[in-house]
Amino acid sequence: KAGVTQTPRYLIKTRGQQVTLSCSPISGHRSVSWYQQTPGQGLQFLFEYFSETQRNKGNFPGRFSGRQFSNSRSEMNVSTLELGDSALYLCASRYMTSSEETYFGPGTRLTVT
Amino acid sequence: QKEVEQNSGPLSVPEGAIASLNCTYSDRGSQSFFWYRQYSGKSPELIMFIYSNGDKEDGRFTAQLNKASQYVSLLIRDSQPSDSATYLCAVNVAGGYNKLIFGAGTRLAVHP
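Below or above, wherever it landed, is the structure these notes cover.

### Section: the interface of chain A and chain B
Here's step 1: The partner chain B presents 20 residues to the 21 residues of chain A that form the contact.
Here's step 2: Note on chain A versus chain B: buried area summed over both sides is about 1800 Å², and carbon and sulfur give 56% of it.
Here's step 3: Where chain A touches chain B, the interface holds zero salt bridges.
Here's step 4: There are seven residue pairs in polar contact (both at pLDDT 80 or more) connecting chain A and chain B.
Here's step 5: No other element matches strand 4 (residues 31-38) of chain A, which puts four residues into the side of chain A that touches chain B.
Here's step 6: Looking at the side of chain A that touches chain B, its residues break down into eight nonpolar, eight polar and five charged.

### Things to note about the sheet that holds strand 7 (residues 61-66) of chain B
Residue and element names in this part refer to chain B.
Here's step 1: Taken in spatial order, the five strands line up as 1-3-8-7-6 in an open sheet, and their pairing is antiparallel. Each end of this open sheet is capped by a strand with a single partner; those strands are strand 1 (4-5) and strand 6 (54-58).
Here's step 2: As paired elements, strand 3 (residues 19-25) and strand 8 (residues 71-76) share six bridges and run antiparallel to each other. Bridge pairing in strand 8 places Thr-24 opposite Tyr-71.

### Side note on the sheet that holds strand 7 (residues 64-68) of chain A
Residues and elements named next belong to chain A.
Here's step 1: Reading across the sheet, the four strands line up as 1-3-8-7 and stay open at both edges, with antiparallel pairing between neighbours. Strands with a single pairing partner mark the edges of an open sheet, and in this sheet they are strand 1 (5-7) and strand 7. Strand-to-strand, the axes of this sheet are offset by a mean angle of 20 degrees, without reference to chain direction.
Here's step 2: With five bridges joining them, strand 3 (residues 19-24) and strand 8 (residues 74-78) adopt antiparallel strand pairing.

### Some points on the nonpolar core
Here's step 1: With 25 residues, the main nonpolar core has B:Trp35, B:Val72, B:Leu74, B:Ile76 and B:Tyr87 as its most contacted residues.
Here's step 2: Elements with a contribution of two residues or more to this core: strand 3, strand 4 (32-38), strand 5 (45-50), strand 7, strand 8, strand 9 (85-92) and strand 11 (106-111) of chain B.
Here's step 3: Ignoring any residue separated from it by four or fewer positions in sequence, one finds B:Leu74 in contact with B:Ala19, B:Ser20, B:Leu21, B:Trp35, B:Met48, B:Phe61, B:Thr62, B:Ala63 and B:Tyr87.
Here's step 4: One finds A:Val4, A:Val32, A:Val78 and A:Tyr89 within the second-largest nonpolar core, a separate group that totals 21 residues.

### Looking at the pairing of strand 8 of chain A
Residues and elements named next belong to chain A.
Here's step 1: Along strand 8, five of the five residues are buried, which leaves the element largely enclosed by surrounding structure.
Here's step 2: Note: strand 7 against strand 8, five bridges, orientation antiparallel. Considered in strand 8, the bridge of Arg-67 is made with Glu-75.
Here's step 3: The antiparallel pairing of strand 7 with strand 8 creates a hairpin that spans five residues between the two strands, and Ser-72 there sits at a positive phi of about 75 degrees.

Calculation notes
- Residues numbered from 1 in each chain as written.
- Chains lettered and ligands numbered in written order.
- Predicted model: local features only at pLDDT ≥ 70, side-chain atom pairs only at ≥ 80, totals over all residues.
- Heavy atoms only, no water.
- Contact = heavy atoms within 4.5 Å.
- Buried area = accessible area lost by both parts, 1.4 Å probe.
- Salt bridge = Lys/Arg side-chain N within 4 Å of Asp/Glu carboxyl O.
- Polar contact = N/O pair within 3.5 Å; in protein donor to acceptor, adjacent residues only side chain to side chain.
- Helix = DSSP H or I, 4+ residues; strand = E, 2+ residues; numbered from the N terminus.
- Nonpolar A, V, L, I, M, F, W, Y, C, P; charged D, E, K, R; others polar.
- Pairing = 2+ DSSP bridges.
- Axes fitted to C-alpha atoms, helices over the stretch in contact; angles between N-to-C directions.
- Core = buried A, V, L, I, M, F, W, Y, C linked by side-chain atoms within 4.5 Å.
- Buried < 20%, exposed > 50% of the residue type's maximum accessible area, 1.4 Å probe, protein only.

What follows is the structure, encoded as structure tokens:
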């Protein structure tokens, strides 16, 4: 069974640009959540999607947005990039409920210059 | 008070010993609990998942959950140098659907 996949694995962008990251969950999993990991703040929750609906959102500015498609694949977008957005962005996949395992993808390393 | 607290370490143990990692959480309604292992530059890897009080064993790993004390731990038996990594405790908050709150992680160093 294939794991969670994320593309691209590495990105270098300039301040002010926007970026779109993609995540494909484990086959059959319907819940996708996104996290940001930085050395200073650790792992922080961005948002979660289930059946194309955002169910929960973390404390991030509106520049961070996402969506989920009918095949459960998800994308997140960051507009007007800032230097502080440099981080490892992780996608997590779960089948459905809170009493189930959550698996992470390999992440996208974003560097903003 | 942080929602999920872990000792940052490093926790240093000799090869073959038992490593004990601890985590406390503040939300009494938290529903499920996870231990992830993360090697430098890699993504978190699920080690253990527990949602009922008591112990859960998987190979060399045992997770222990005590909801009354709001405490979850991970024991690693027969520690190996390859276990050297950062161990992240995560809690699925009540009503949070698939939202995990992470501790800062404990660095474990297993020396030969």
